[in-house]
Every structure is written in C-alpha cells, then in structure tokens.
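Below, each chain spelled out in residue letters.
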Amino acid sequence: MNYRGPFRIRVDRDKPVPQIEHPFDAIVRVTRSLICGSDLHLYHGLVPDTRVGMTFGHEFTGVVEEVGSGVQKLKVGDRVLVPFNIACGTCPFCKQELYGNCHESNPEATAVGGFFGYAHIAGGYDGGQAEYVRVPFADVSPTVIPEGMDIEDAVLLTDVVPTGYQAAEMGGIRKGDTVVVFGAGPVGIMAARCAWLFGAGRVIVIDHIDYRLEFVKKYAYCEAYNFKEMNDPVVFLKKQTDWFGADVCIDAVGCDASGSAMQTITGKKLLLQAGSATALHWAINSVKKGGIVSVVGVYGPPFNMVPMGSLMNKGISLRANQASVKRLLPKLIDHVMAGRLNPKGIITHRLPLEEVSDAYHIFSAKRDNCIKPLLIPPRALA
C-alpha cells in the first residue's frame, strides 16, 4: 500500500522487502491485515506529517521470517499477532504498562509512542498493509497466536478489541451503569460489546449511519439511535436518563466526527483545530455530574475546541489513551477462547491486498454496508 496524498491510495509493487536494522528486529511475512478507522483519518488528510510514500496498517498478523541476533522470545516460523504499539519494554512508561506511551520508540514526539503504519508524528514506521514488515523490539509486544485461535480473531486483537475493551475499562463501569458510546464504527461496536463485561445495565450507541446502527444492535445487544433524527442529541440522552445524564460516555469517533457544522468547518475543512470534536462535546455534555468520559477516538495535535467549563463545573473525570495492547492481551485471549467475544464477527469485507485502493474507497465512503475490511496479501499462504 502506498499513500500518494489525501484520498489517493496506490499499490506499490517495487518497494524493497524490509531488512533487519537492529539486533532486536524481526521480519514478519503478513498473513492478514485490516484497515482501521484511524487509517481513514490519514486517508482524509487530517493527521499532520503524513508523508507521501508511507505504507499504512497497524493491525496485522504474520509469520516470523527472520530475527535479529538479540531476539530471544520469537523464532522463525512462529505465527504472531503484532500489536499496533511499538514498545521498548524497558522505559518508565512501559514498566507502568503504558505501552502506547513508550518513550523510546518514537523519535518524533514525546506525547505518544511509536505505531506501525501511521504518520511521522507516530514515528514514521511502515505498516502491515504489505507483504512484509520490519517489527522493532520484537521480544516485547508480538505474541504467538494460541493454538486453535482463528487468524481472523487474532488480527482483531492487535487494535480493535483492545481499544474497545480499554474504552470500557477507562469508563470505570460499575454494575447497572448506563453507558453511551458515540460512534458505531468497529471500535465503538467493540466498546459497546465490552461494556457488558464490566457490568453495564444499559448500553446506548449514537451514530448517523443506519446500517451501522443495525449492525451494532445485533452484535453488541444494545440500543442504537441516529442523531440525525434528533433535534439535540444531548437533550435526547438526558431524557433517556431521567435528566441525570449517562454514568459513562465513550468517544469512539475522534477527529472525523459529523454532527456539527461549526466543528466540521473549523476542524475538517479549514483545519483551524485538530479535527472535529463533536463527539467529545456531546460526551461531556451528556454524562452525569461526577461521571466519566472515556476517549479512544483519535485526535491529532495541536489542539481542539472542547467545553472545559462543563468538564470542570460538572466534576467530570476525563480518561483517554491509546490502548496498551500487550497489557490486555492475556485477558482478551481468554475472552475469545472462551467464546465471550467474537471479534471476527465484525469483518464484513475480505479483499486481496492488490485491491487496497478499492478497499479504502469502500470503507471511507461507507459503501456496501462495510463495517471492517480485511486485506489478504499474495504471500499469505506461502
């Protein structure tokens, strides 16, 4: 996959196979990769320092083809899922299991760690929408796929499932809580599904795409409403909660949100702020006093217009971060193997890597009821 500028994706058949550059590197032959809603932020030109020629993709599985001299935990032939976080495992933040905030993997920024296949603000590493990937710090995050786990379940454990799960976890959900999720994309769908694991008594999802709302109702066993059918989503949610507000609100949309002309113009058209913060506004204004807002939707630097007065005066706790995939994998693997989670159930489209440009167009334009597209490289079965 080759990024040529906003809304322009091409297939590059001449890019060299990556090489070992450091003793702790591994080279992984990709067997499955996914396109993420976060990739669409790049595709739409909303993330700074997204450079022409980059290969996207931070959700992938593969087979270890080569390891550096310092790698001890992986061997050639291992089938692995590779978390989107690139983490050194030894810095102060990795020791706190904040793998998305690794201090050593991203030379371009201090706020966030390195990610595969994202803009240079995340380190500029090439990603997994390719046949081969160089995986740094290969002894830290890559995880051998458990025997008996479907590869399509495994690839979703690299980002979507952990991010949705952590969204619910950061919400501090208690038994019987009302949880509102803004966004019925893959992460929002998974956050809604995972909210039940923490004891939620009621889960509500807000979006504006009817087929996604129908999907999340069936997959996550929740209520789902179209904000275009409401005069004011905040007032609607207050009415739904006896005018108290939800116990927990989750922003699973981020900088690409629809719903506010002002936010869209300033954040997506004129780029006067880092994308549209509509979902974050609604979350802050819909949560109860003393409630919790959990943010996993992507916002780029440098700033967004948010209602700090409401946040402060209502006594709201705001929790946000990139998912620490490595920390969550043991419990998520258990949930999948026990049948409590069915990650592959959100995959709606399976396309060869050679059709990546069409895959982006389908996903971005929300064609053909697309929820989550899977890419299969030519050498996946080699």
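Structural data are supplied above this passage.
This report concerns the structure included in the present document. Please read these numbers as outputs of a predicted model, since none were measured by experiment.

**Concerning the overall build of the protein chain**
A tally of regular secondary structure across the protein chain gives 12 helices and 17 strands. Its C-alpha atoms give the protein chain a radius of gyration of 20 Å, within 12% of the compact-globule value 21 Å for 382 residues. Within the protein chain, the proportion of its 382 residues that are buried is 58%. Relative to all contacts within the protein chain whose residues are 6 or more apart in sequence, the contacts with residues 24 or more apart total 72%. A total accessible area of about 15600 Å² is found for the protein chain, and carbon and sulfur atoms account for 52% of it. Here the protein chain holds 39 positive side-chain charges and 38 negative ones, and the gap between their average locations is 5 Å.

**Things to note about the nonpolar core**
Among the nonpolar cores identified, the biggest contains 78 residues, and Leu 157, Val 216, Ile 346 and Tyr 360 are the most heavily contacted of them. Sort the elements by how many residues they give to this core and helix H5 (residues 186-195) lands first, with seven residues. Excluding residues within four positions of it along the chain, Ile 346 makes contact with Leu 156, Val 160, Pro 186, Ile 189, Met 190, Phe 215, Tyr 219, Ile 371 and Lys 372.

**Overview of the pattern of salt bridges**
Any two side chains of opposite charge can pair, on the condition that their charged atoms come close. This structure, assessed with the given rule, holds 17 salt bridges. The residue Arg 29 makes a salt bridge to Glu 65 at a minimum N-O spacing of 3.2 Å. With a gap of 36 residues between them, Arg 29 in strand E3 (residues 26-34) and Glu 65 in strand E4 (residues 60-67) connect regions that are remote in the sequence. For Glu 65, a relative accessible area of 35% translates into the label partly exposed. Connected through salt bridges with shared partners, the residues Glu 21, Asp 25 and Arg 134 form a single ionic network.

**Some points on the sheet that holds strand E10 (residues 178-182)**
Strand order in this open sheet of six strands is E12-E11-E10-E13-E14-E15, and the pairing throughout is parallel. In this open sheet, the two strands that pair with only one neighbour each are strand E12 (223-226) and strand E15 (317-320). Across the sheet, the mean angle from the axis of one strand to that of its neighbour is 20°, orientation sign disregarded. By the bridge criterion, five bridges tie strand E13 (residues 246-251) to strand E14 (residues 287-295) in an arrangement that is parallel. Paired with Ala 246 across the two strands is Val 287, which belongs to E14. Packed on one face of the sheet, H5 meets E10, strand E11 (202-207) and E13 and runs near 170° to E10.

**A word on helix H11 (residues 325-337)**
In a regular helix each residue adds 1.5 Å, so 13 residues correspond to 18 Å; H11 covers 17 Å between its end C-alpha atoms and thus fits that length. Of all the bends found along H11, the most pronounced is centred on Lys 331 and spans about 35°. Those residues of H11 that are buried are in contact with strand E5 (79-82), strand E6 (85-86), strand E9 (143-144), helix H3 (151-156) and helix H4 (160-170). A positive backbone phi angle near 85° is found at Gly 339, which sits one or two residues after H11.

**Some remarks on the state of the cysteines**
Considering all chains together, one arrives at zero disulfides under this definition. No disulfide involves Cys 36; its nearest neighbouring cysteine sulfur is the one of Cys 255, lying 11 Å away. Cysteine Cys 91 shares no disulfide, and the gap to the nearest cysteine sulfur, in Cys 94, comes to 3.7 Å.

**Here we look at the pairing of E14**
Note that E14 and E15 share four bridges and pair parallel. When the bridges of E15 are listed, Val 295 appears paired with Ala 320. Taken together, E14, helix H10 (residues 308-313) and E15 form a β-α-β motif whose crossover is right-handed.

**Points about H4**
For an α-helix, 3.6 residues make a turn, and residues three or four places apart therefore share a direction. Across the 11 residues that make up H4, a large majority, 10, are buried. On its buried side, H4 packs onto H3, H5, E13, E14, E15 and H11. In the segment just after H4, Gly 172 is the residue with positive phi, at about 60°.

What counts and how
- Residues numbered from 1 in each chain as written.
- Predicted model: local features only at pLDDT ≥ 70, side-chain atom pairs only at ≥ 80, totals over all residues.
- Heavy atoms only, no water.
- Helix = DSSP H or I, 4+ residues; strand = E, 2+ residues; numbered from the N terminus.
- Rg over C-alpha atoms; globule rule 2.2 N^0.38 Å.
- Buried < 20%, exposed > 50% of the residue type's maximum accessible area, 1.4 Å probe, protein only.
- Contact = heavy atoms within 4.5 Å.
- Areas by Shrake-Rupley, 256 points an atom, 1.4 Å probe, with all protein chains shown as cover.
- Lys, Arg positive; Asp, Glu negative; His and termini not counted.
- Charge placed at Lys NZ, Arg CZ, Asp CG, Glu CD.
- Core = buried A, V, L, I, M, F, W, Y, C linked by side-chain atoms within 4.5 Å.
- Salt bridge = Lys/Arg side-chain N within 4 Å of Asp/Glu carboxyl O.
- Pairing = 2+ DSSP bridges.
- Axes fitted to C-alpha atoms, helices over the stretch in contact; angles between N-to-C directions.
- Expected span 1.5 Å × (residues − 1).
- Bend = angle between axes of the 7 residues up to and from the residue.
- Disulfide = S-S within 2.5 Å.
- Right-handed = clockwise from strand over helix to strand, strands pointing away.

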